[in-house]
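# Close look at the chain arrangement
For reference, the chains in residue letters:
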Amino acid sequence: MTACRARHNILALKFFSFIDALYPMSILAVVWFYQVTGSYTTAAMMFAIQTISQALLEIPTGVLSDKYSRILNLRLSAFLWFISYFFTALSGSVSSYGTVILIFASVIGGLAGSLNSGTKEALIYETLSDCRKQSKFSVVFSRIMFWEQIGAIFGALIAVGTMFLFDIKVLAWTTVLFGFLFFISSFFLYEPITRQKSDKSSFGLLLSSCKQIWKDKKLRTLIGINMLQGQTAYNMEGVYFSSLIPSSLIPLARLFRQFTGATGFYMAAFANKIGFLKTLIFSNAGSFVFNSVGLLLNGIATPFINSATNLFYGFNHTAYNALLQENFSDKQRATMQNIQSLLSSISGCVLLLIFGTIADHFSLLTAMWCTTALNFIVTIAYYRFFRSKLSQKL
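Description of the structure in this document. Model, not experiment: these values are computed from the prediction.

### Some points on the overall build of the protein
Along the backbone of the protein there are 18 helices and 0 strands. Whereas a compact globule of 394 residues would reach a radius of gyration of roughly 21 Å, the protein reaches 21 Å, a difference of no more than 12%. Dimensions along the principal axes, computed over C-alpha positions, put the protein at roughly 50 × 45 × 35 Å. Across the 394 residues in the protein, those meeting the buried criterion constitute 53%. Within the protein, contacts between residues at least 6 apart in sequence are counted, and of these 84% link residues at least 24 apart. With an accessible surface of roughly 17,900 Å², the protein has 68% of that area assigned to carbon and sulfur atoms. Across the protein, the mean location of the 30 positive side-chain charges is 9 Å away from that of the 15 negative side-chain charges.

Here it is in structure tokens:
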């Protein structure tokens, strides 16, 4: 019975992740924000508001997940995404208060993202614990993420079709329908039977999680290296790509990125056979080579070569999360995951400011080379970690 329920949960998580990524407005969100606000600066600010609100709420929502329920967090997250999508679409129909409504939708989106962050990974690990198959985490996690990438591909195709037949306003309301379907999909999930809830106070749980990360040198090293990665290159490459190819081709490059990402996550199931640290070295080295080739060419092929690095992201993300879950404690798994997410968000913002300044004072190409150099540093850091005595304890 336990094994049957675990299989159901894994299947439900695949569907849940697929619908989660099925966000047709994703590639045109900034266009919609600009139409509503009339300012590119204000439009960009909506993404910043969502990112900041999610970062601020990462730890409280992680504590909520550890103390009470994984499923409650995910259902609440799905419901709030639905609300966020609804108010985002509504902002285009209320001209006087459009910007205010978008700000509200962005804050709600940040809260929704924080409720999901860390909880889904913990749910996967604990579901596998129900049938004593924690060692299969990397396989199951990569398959679930594969379906998330497929969802993103379908979302992009729906966006292209809707824009061809109708307009962006119809696309915004279509996204609301998928948001409601996402909320419904959360009711197919079950709470793991063997899950251990924390009996500590919220502050005690947070303090205990921080202490465990600080005392565990393996975790400190892994999280520290990951803080150098973030999404800096991804956040900057849209502007870089637009300087090389027509804007009409950028969605095609993004779609190619999703295809390579899906392929990477599907193949990442073999990461446990290679070894997780070896996988991290290999994936970061591969990204460095592909990015370097793309930047050296600096032409029309560059966006597609650089987008192909998403193939390695699947390996990297799977191996990193597998190592984290193996070293997190059962009673504070989500809180510890969200602490590392918060640290990564903070470092990502700092790095984005640094590379943005480099782009302003030198060139966009120079800034992109700096992000690639950082990729090389991360590869060397993982290699040194692999060669150290600490890696023998993983």
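From this point, the discussion proceeds with the structure in view.
### Thoughts on a positive patch on the surface
Side chains of R7, K133, K136 and K273 sit close together on the surface and give a patch of like positive charge. Of note, K273 is situated in helix 13 (residues 271-274). Look at K273 and you get exposed, because its relative accessible area is 68%.

### Here's the deal with the pattern of salt bridges
Side-chain pairs of opposite charge can arise where the charged atoms are in close proximity. Per the stated rule, a full pass over the model turns up 4 salt bridges. For R70, the salt bridge identified is with D66, shortest N-O distance 2.8 Å. Using a relative accessible area of 0% as the deciding quantity, one classes D66 as buried. When the shortest N-O distance is used, the salt bridge between K218 and D216 registers 3.4 Å. The buried category is assigned to K218, whose relative accessible area is 13%. In this structure, a network of salt bridges that share partners links the residues D66, R70 and E126.

### Remarks on a nonpolar patch on the surface
Where nonpolar side chains cluster on the molecular surface, the patch consists of F15, F180, L181, I184 and F188 and spans about 430 Å² of accessible area. In terms of residues, the nonpolar patch owes the most to one element, helix 8 (residues 168-185), which gives 3 residues. Along the polypeptide, I184 turns up in helix 8. Residue classification places I184 among the partly exposed positions, given a relative accessible area of 35%.

### Quick look at the packing of helix 4 (residues 70-90) against helix 5 (residues 98-116)
At a minimum axis separation of 8 Å, helix 4 and helix 5 run at an interaxial angle of 160 degrees. Here helix 5 runs roughly antiparallel to helix 4, going by the angle between their axes. Crossing of helix 4 against helix 5: the hand is left-handed. Between helix 4, through N73, L74, L76, S77, L80, W81, I83, S84, F87 and T88, and helix 5, the contact on the second element is made entirely by I101, L102, F104, A105, I108, G109, L111, A112, G113, L115 and N116. Looking at the contact of helix 4 with helix 5 residue by residue, the classes come out as 14 nonpolar, 7 polar and no charged.

### Side note on the environment of A152
Positionally, A152 belongs in helix 7 (residues 137-165). If we ignore the near neighbours within four places in the chain, the residues touching A152 are A21 and Q258.

### Quick notes on unusual backbone geometry
Positive phi values are uncommon outside glycine, yet R132 reaches one of about 55 degrees. Its location among the elements puts R132 in the loop between helix 6 (119-130) and helix 7. The phi angle at N298 is positive, at roughly 45 degrees, despite the residue not being glycine. Looking at the secondary structure, you find N298 in the loop between helix 14 (276-297) and helix 15 (302-307).

### Concerning the packing of aromatic side chains
Within the structure shown, the criterion is met by 23 aromatic pairs. Seen in terms of ring centroids, F18 and F154 are 5.9 Å apart; in terms of plane orientation they differ by 65 degrees. Their pairing is edge-to-face. Note that F18 is positioned in helix 1 (residues 2-21) and F154 in helix 7, a separation of 136 residues in sequence. Judged by relative accessible area, which is 19%, F18 ranks as buried. Judged by relative accessible area, F154 falls into the partly exposed class, the value being 43%. Cluster of aromatic residues (ring-pair linked, three or more members): F18, F146, W147, F154 and Y266. Its guanidinium or amino end placed over the ring of Y68, K67 lies 5.7 Å from that ring's centre, counting from NZ or CZ. One residue, R220, lies across the ring of W214, its end atom 5.0 Å from the ring centre.

Definitions and cut-offs
Residues numbered from 1 in each chain as written. Predicted model: local features only at pLDDT ≥ 70, side-chain atom pairs only at ≥ 80, totals over all residues. Heavy atoms only, no water. Helix = DSSP H or I, 4+ residues; strand = E, 2+ residues; numbered from the N terminus. Rg over C-alpha atoms; globule rule 2.2 N^0.38 Å. Buried < 20%, exposed > 50% of the residue type's maximum accessible area, 1.4 Å probe, protein only. Contact = heavy atoms within 4.5 Å. Areas by Shrake-Rupley, 256 points an atom, 1.4 Å probe, with all protein chains shown as cover. Lys, Arg positive; Asp, Glu negative; His and termini not counted. Charge placed at Lys NZ, Arg CZ, Asp CG, Glu CD. Patch = residues over 30% accessible without salt bridge, like charges linked within 9 Å, V, L, I, M, F, W, Y side chains within 5 Å. Salt bridge = Lys/Arg side-chain N within 4 Å of Asp/Glu carboxyl O. Axes fitted to C-alpha atoms, helices over the stretch in contact; angles between N-to-C directions. Parallel < 35°, antiparallel > 145°, perpendicular 65-115°, else oblique. Left-handed = near helix turned anticlockwise from the far one by under 90°. Nonpolar A, V, L, I, M, F, W, Y, C, P; charged D, E, K, R; others polar. Phe/Tyr/Trp six-rings, centres within 6.5 Å; stacked < 30°, edge-to-face > 60°. Lys NZ or Arg CZ within 6 Å of the ring centre and 35° of its normal.

Function-wise, these values are silent; they only describe arrangement.
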